[in-house]
Amino acid sequence: MADAKTKPIDIALQGGGAHGAFTWGALDRLLEDERIDICGVSGTSAGAMNATALVQGLASGGRPAAQKLLGDFWAKVSAAARFSPMQRTLFDVMMGRWSLDLSPGFVLSQHLQRAFAPEELNPLGINPLRDIVAEFFDFDIVNRPEAPKLFLSATNVRTGLAKVFRQPDMSVDTVMASACLPFLFPAVEIDGEAYWDGGYMGNPPLFPLIDETDVRDLVLIQINPIARDELPRSAYEIENRLNEITFNASLIKELRAAYFLLEIIGHEDLEREAYRDARLHRIEAEEEMRKLSVSSKLNAEWAFLQHLHDVGWQSAERWLEEHFDDLGVRTTWRPSFVLSESLKPAHLPEGAERKLAVEQAKDRRRSQGRKRKPAALDGKRKRPAEGGKRRPAK
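Residues numbered from 1 in each chain as written. Predicted model: local features only at pLDDT ≥ 70, side-chain atom pairs only at ≥ 80, totals over all residues. Heavy atoms only, no water.

Before going further, it helps to examine the packing of aromatic side chains. Think of a pair of aromatic rings as described by two things: how far the centres are apart, and how the planes are tilted against each other in angle. With the rule as written, the count across this model stands at eight aromatic pairs. A ring pair is formed by Phe137 and Phe139, whose centres lie 6.2 Å apart and whose planes are at 80°; its orientation type is edge-to-face. We classify Phe137 as buried; its relative accessible area is 6%. Here the aromatic residues Phe73, Trp74, Phe136, Phe137 and Phe139 are joined through ring pairs into a cluster of three or more. Across from the ring centre of Phe324, 4.5 Å away, lies the NZ or CZ of Lys7, which sits over that ring. A cation over a ring is seen here: Arg29 above Trp313, with NZ or CZ 6.0 Å from the ring centre. (Phe/Tyr/Trp six-rings, centres within 6.5 Å; stacked < 30°, edge-to-face > 60°. Buried < 20%, exposed > 50% of the residue type's maximum accessible area, 1.4 Å probe, protein only. Lys NZ or Arg CZ within 6 Å of the ring centre and 35° of its normal.)

In structure tokens, the structure reads:
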């Protein structure tokens, strides 16, 4: 838990294959800052692996252990992919592109995935990533009561609903379920239920951090760009953009719910501690990430992972410089765009601009010298019971 000298935060980590090395870099920088205390973490897919490494490291040896475990994990992932048939072509290397679009192995895999199920392509169930997860993570440590809270999302294949795994039930299977892309791997079965990648229904899950921790500052480390200026032209580009939209849809829905709650609290000038409120923040590098092809999410070349680490480190550095003082005080990211074409609040006057209407309502209530408390609560927020570091190149 945070002491009086630190600011507590929760962190939500998106999935995105090899692009998760961006998150590694951002976490590496945050762990350098002893003014911050990470209390809860949620993650999906690659974000689930980063989250597990982060929680295990913090629980076993503090910040240095977490930094080392994150670095060692990504180094092992890169080493395992060294002999993969999906490698950059000489042309891509000469052009300085990280894409695998022209890789014969990647092109062949795309055709095979459309024609055959994972069980047909890989009847022996060989999965090097699972071996890495089993080797690197000690789930006895991850599941310790004193460890930071950890939430990993997966998608229930039968019901189509999100499943959030919590301590003390973390295991190799829960991590792999969160990262199970259905065209690459068979569904992961846990307690008789089959699960696919959590990105379809929670990328990453935000509500457990809002509902189940005492921390109100929630930092999203975003990998996947939400908007793109250029239109997709080829069949492959169309499929790539569709995948981005699909994997961002669940995040947009959760942001919409969180923002709607903020709007109601602001309009009614309610006592924030009496509600499940959150101050939202975001670490991102959308301009840089837009330059990357979706195929590069399968590029685990060490030089590429180092590049993404450096981008993540610098993005977190910039965010700390600009917004550290805002932690514990105010929201620094208000994604009002998520309210486009959504439910219109009954309190909003016809034709009024949403943010302006909220500010006017707050001013009106403050002039009356009162705040509203919810009838069911006493004004206090109800909470459930507590249940190789690398610097960027200069």
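Alright, that's what it looks like, and here's the rest.
Attention now goes to the pattern of salt bridges. Taken as a whole and judged by the stated rule, the model has 16 salt bridges. Residue Asp92 pairs with Arg97 through a salt bridge whose shortest N-O separation is 2.7 Å. What makes Asp92 buried here is its relative accessible area of 1%. Salt-bridge contacts for Arg282 lead to Glu286; the nearest nitrogen and oxygen are separated by 3.3 Å. For the pair Arg282 and Glu286, a shared accessibility class is recorded, and that class is buried. In the salt-bridge network here, residues are joined through shared partners; they are Arg228, Glu230, Arg241 and Glu244. (Salt bridge = Lys/Arg side-chain N within 4 Å of Asp/Glu carboxyl O.)

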